[in-house]
Amino acid sequence: GIEDVTSSIVRYNSSGIGIAADCTGSNCSPDHAADNNYYDEYFMVTFDEAVALDTLRAGWAREDGNSQDELDLTVAAWKPGVVNPGAPVIAGKQSNELQGAGWELLSHYADVPQDTQHDLGNDVPIYATAWLIAPYQHDLTPAGSANDGFSVDNDYIKLELVSAVLRDPTPP
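To start, this report covers the structure provided alongside it. Fair warning: this is a prediction, and the values are worked out from it, not measured in the lab. (Residues numbered from 1 in each chain as written. Predicted model: local features only at pLDDT ≥ 70, side-chain atom pairs only at ≥ 80, totals over all residues. Heavy atoms only, no water.)

1. Points about the pairing of strand β5 (residues 70-78)
Then, number 1: In terms of burial, β5 is largely enclosed, as 9 of its 9 residues are buried.
Then, number 2: The alternating pattern of β5 places E70, D72, T74, A76 and W78 on one face and L71, L73, V75 and A77 on the opposite face, and all of these are buried.
Then, number 3: Of the strand pairs in this sheet, β5 and strand β6 (residues 103-113) are connected by 8 bridges, and their pairing is antiparallel. Bridge pairing in β6 links A76 to L105.
Then, number 4: With 5 bridges connecting them, β5 and strand β8 (residues 128-135) associate as antiparallel partners. Looking at the pairing, A77 lines up with W131 of β8. (Buried < 20%, exposed > 50% of the residue type's maximum accessible area, 1.4 Å probe, protein only. Helix = DSSP H or I, 4+ residues; strand = E, 2+ residues; numbered from the N terminus. Pairing = 2+ DSSP bridges.)

2. Points about the pattern of salt bridges
Then, number 1: Per the counting criterion, the structure on display carries 2 salt bridges.
Then, number 2: Of the charged contacts in the structure, one is a salt bridge between E160 and R57, with a shortest N-O distance of 3.2 Å. Of this pair, E160 sits in strand β9 (residues 155-166) while R57 sits in strand β4 (residues 43-63), placing them 103 residues apart in sequence.
Then, number 3: A salt bridge links R62 to D69, with the shortest nitrogen-to-oxygen separation between them at 3.0 Å.
Then, number 4: Since its relative accessible area comes to 28%, R62 is described here as partly exposed.
Then, number 5: Judged by its relative accessible area of 32%, D69 falls in the partly exposed class. (Salt bridge = Lys/Arg side-chain N within 4 Å of Asp/Glu carboxyl O.)

3. Digging into the side chain of T74
Then, number 1: Secondary-structure assignment places T74 in strand β5.
Then, number 2: Looking at T74, its side chain comes within polar contact range of the side chain of H108, at 2.8 Å.
Then, number 3: One polar contact links the side chain of T74 to the main-chain amide nitrogen of Q137, over a distance of 2.8 Å.
Then, number 4: Excluding residues that lie within four positions of it along the chain, T74 makes contacts with L105, S107, H108, L132, I133, A134, P135, Y136, Q137 and L140. (Polar contact = N/O pair within 3.5 Å; in protein donor to acceptor, adjacent residues only side chain to side chain. Contact = heavy atoms within 4.5 Å.)

4. Structural notes on the packing of aromatic side chains
Then, number 1: Under the criterion given, the structure shown has 1 aromatic pair.
Then, number 2: One Lys or Arg, K158, reaches over the ring of W60 and ends 4.9 Å from the middle of that ring.
Then, number 3: The ring of Y127 carries R167 above its face, with NZ or CZ at 4.2 Å from the centroid. (Phe/Tyr/Trp six-rings, centres within 6.5 Å; stacked < 30°, edge-to-face > 60°. Lys NZ or Arg CZ within 6 Å of the ring centre and 35° of its normal.)

5. A look at the nonpolar core
Then, number 1: Among the nonpolar cores identified, the biggest contains 23 residues, and L73, V75, W131, I133 and I157 are the most heavily contacted of them.
Then, number 2: Looking at which element gives the most residues to this core, the answer is β4, with 7 residues.
Then, number 3: Apart from residues lying up to four places away in sequence, L73 is in contact with L56, S107, H108, Y109, V112, I133, A134, P135, Y136 and I157.
Then, number 4: One finds A76, I90, W103 and L140 within the second-largest nonpolar core, a separate group that totals 11 residues. (Core = buried A, V, L, I, M, F, W, Y, C linked by side-chain atoms within 4.5 Å.)

6. Quick notes on the environment of G59
Then, number 1: As for its placement among the helices and strands, G59 is situated in strand β4.
Then, number 2: Note on G59: relative accessible area 8%, which makes it buried.
Then, number 3: With 45 residues separating them along the chain, G59 and S14 place their C-alpha atoms 7.2 Å apart.
Then, number 4: Apart from residues lying up to four places away in sequence, G59 is in contact with S15, Q114, D115, K158 and E160.

What follows is the structure, given as structure tokens:
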């Protein structure tokens, strides 16, 4: 469940930004990267104009049970609607509540390596002013799709870079 936890975005040298949870007890560690270990932690990246995410790079990545420097990753776009016309919200939301709160899955990505520019495959562009980037969130899944190829292990990320593409202006 959700507990009273506040977090801070922290820059970690050249490995990117992470999330430092401000909590006490045994469920606070690790507290340096966004992870899906006990708490669901997400990065929300916002833009003044709607953009299509193009690539990202994890400056540091881990997956429990795997000695490789990689992780399984989830990316979703903020798609406000009649039910949720306001600003994007992730605070206090568990992954199974995100789709009902206006987040639309772009995709899950298996075994994303650290220190490598990863193409998000947004070829039929989805444009949004807010994007959620998180360690694999199995509850954020399109209806009827399977979670094949994704581990049940915990994933951790320090986000180093995100690139996006503006929508082409409509000709007059």
